[in-house]
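Letter by letter, the chains look like this.
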Amino acid sequence: MGRIAFSQPFFGPEEENAAAAAVRSGWVVGGPRLKELEEGFAAVCGTRHAVGVSSWTTGAFLLLKELGIWPGDEVIVPSLTFIASVNVIVHAGATPVFADIDPRTYNIDPGDIEHRITSRTRAILPVDQIGLPCEMDRINEIAKHHGLIVIQDAACSFGSTFRGKAVGSLGKAGIFSLHARKVVTTGEGGMIVTDDAELAARLRRQRHQGMSLSDFERHGAKPTTFETYPEVGYNFRITDVQAAIGVAQLARLPEILARRRRLAERYSAALSNHRWLRAPFIPQHAGPNWQSYQVRVAEGSPLSRNQLMDTLHEKGIPTRRGVMASHMEPPYRSLAAVLPHTESAAAECLLLPLHPGLEDSDVDAVVAAIDDAFSAAR
């Protein structure tokens, strides 16, 4: 057994050859590989449209802008999320309003969403924590009752399902991340999915400086077919080299998900009845992609979360803290949110190594190191 990596992309010759082919083709941005990746994402998610962008953040910003979220508006979001989910609301000029979590799933609590709604609330941004879908049926009901927009932050949940439906198809629009730690990666990038054809067209223009024609469309048109710029846009494009890697990754999605599921089940079999750790809770109607495996240090444990992380590090086992509490970071402390479940989860959870390149023996080694750490602490 070699050194265990916490996370790494699942790349092979397929991705290497795809990237090289894109470079050799001369189409390195705005070309056929992007179109292929978008069509592939839409097919997996069961949506009519997908729009590739340079990152989750740029995609979420475009969605907020195009859906009419402006200064003075409020967007309800969990604090227990990577801070990008909150930052993008501020980038759009709106105000984040933090809601607490369900302490079992670590996802936003629909009941607490209702308590946070005011006359200024315009949207809900539920986050599928580390690949586990939110309770989207309840969230959509709340949104419908109050006339709110739902944008699904599916950064971590590509390939996950909720009540048999693919994540991404459960709200007005969803936005995925293609960062290196995600289940499918292009190194960096994002993908918006929606059934709204007009919204998808506006997003495509906005990602390319408001241009009326894509590079690919202009290439196939007559030389006197000129583009126009009817609106002010941005440069939020993803390259065809990245898209080519993504297409290769999509072809391997079933294998990637199966490997992650097998490893997660092995962890759970060993840790579900652990005295000092709490394994993930998965509702029967949710199918996570197992982007990460998060455990929680139980009350009364002889080791704190941080002590366990340090001890595992000394044994050669990499870990990361669990999902962060964004409201405790300096830019958002003034919002004075009262979120007891969020704060306790942020202090007590950690992530164990999980990626498709791990072997069963690696999982066994992590579990053995955890057991040794607690045995030595008693």
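The structure we're discussing is the one just above.
Just so it is clear, the model here is predicted, and its values are computed rather than measured.

So, how was this worked out
Residues numbered from 1 in each chain as written. Predicted model: local features only at pLDDT ≥ 70, side-chain atom pairs only at ≥ 80, totals over all residues. Heavy atoms only, no water. Pairing = 2+ DSSP bridges. Helix = DSSP H or I, 4+ residues; strand = E, 2+ residues; numbered from the N terminus. Axes fitted to C-alpha atoms, helices over the stretch in contact; angles between N-to-C directions. Salt bridge = Lys/Arg side-chain N within 4 Å of Asp/Glu carboxyl O. Buried < 20%, exposed > 50% of the residue type's maximum accessible area, 1.4 Å probe, protein only. Phe/Tyr/Trp six-rings, centres within 6.5 Å; stacked < 30°, edge-to-face > 60°.

**What about the sheet that holds strand 9 (residues 190–194)?**
Strand order in the open sheet made by the seven strands is 1-9-8-5-4-2-3, with mixed pairing throughout. Taken across any chain shown, the strands that pair with only one partner, and hence form the sheet edges, are strand 1 (49–53) and strand 3 (95–99). Ignoring strand direction, the axes of neighbouring strands in this sheet form an average angle of 25°. In the sheet, strand 1 pairs with strand 9 via five bridges, with the strands oriented antiparallel.

**Side note on the pattern of salt bridges**
Tallied over the entire structure, the rule returns 22 salt bridges. A salt bridge links Arg-252 to Glu-255, with the shortest nitrogen-to-oxygen separation between them at 3.8 Å. You can call Glu-255 partly exposed: its relative accessible area is 34%. Residue Asp-360 pairs with Arg-266 through a salt bridge whose shortest N-O separation is 3.7 Å. Here Asp-360 is found in helix 13 (residues 360–377), whereas its partner Arg-266 is found in helix 10 (residues 253–271), with 94 residues between them in sequence. Given a relative accessible area of 34%, Arg-266 falls into the partly exposed group. Put simply, Glu-14, Glu-15, Arg-252, Glu-255 and Arg-259 are held in one network by salt bridges that share partners.

**Looking at the packing of aromatic side chains**
All told, the structure shown has nine aromatic pairs when counted by the stated rule. Arranged with centres 5.4 Å apart and planes meeting at 90°, the rings of Phe-61 and Tyr-234 form a pair that is edge-to-face. Of the two residues, Phe-61 is situated in helix 3 (residues 56–66) and Tyr-234 in the loop between helix 8 (215–219) and helix 9 (240–251); the sequence distance between them amounts to 173 residues. Relative to Tyr-293, the ring of Trp-290 lies with its centre 5.6 Å away and its plane at 25°, an arrangement referred to as stacked. Chaining the aromatic ring pairs together yields one cluster made of Phe-41, Phe-158 and Phe-176.

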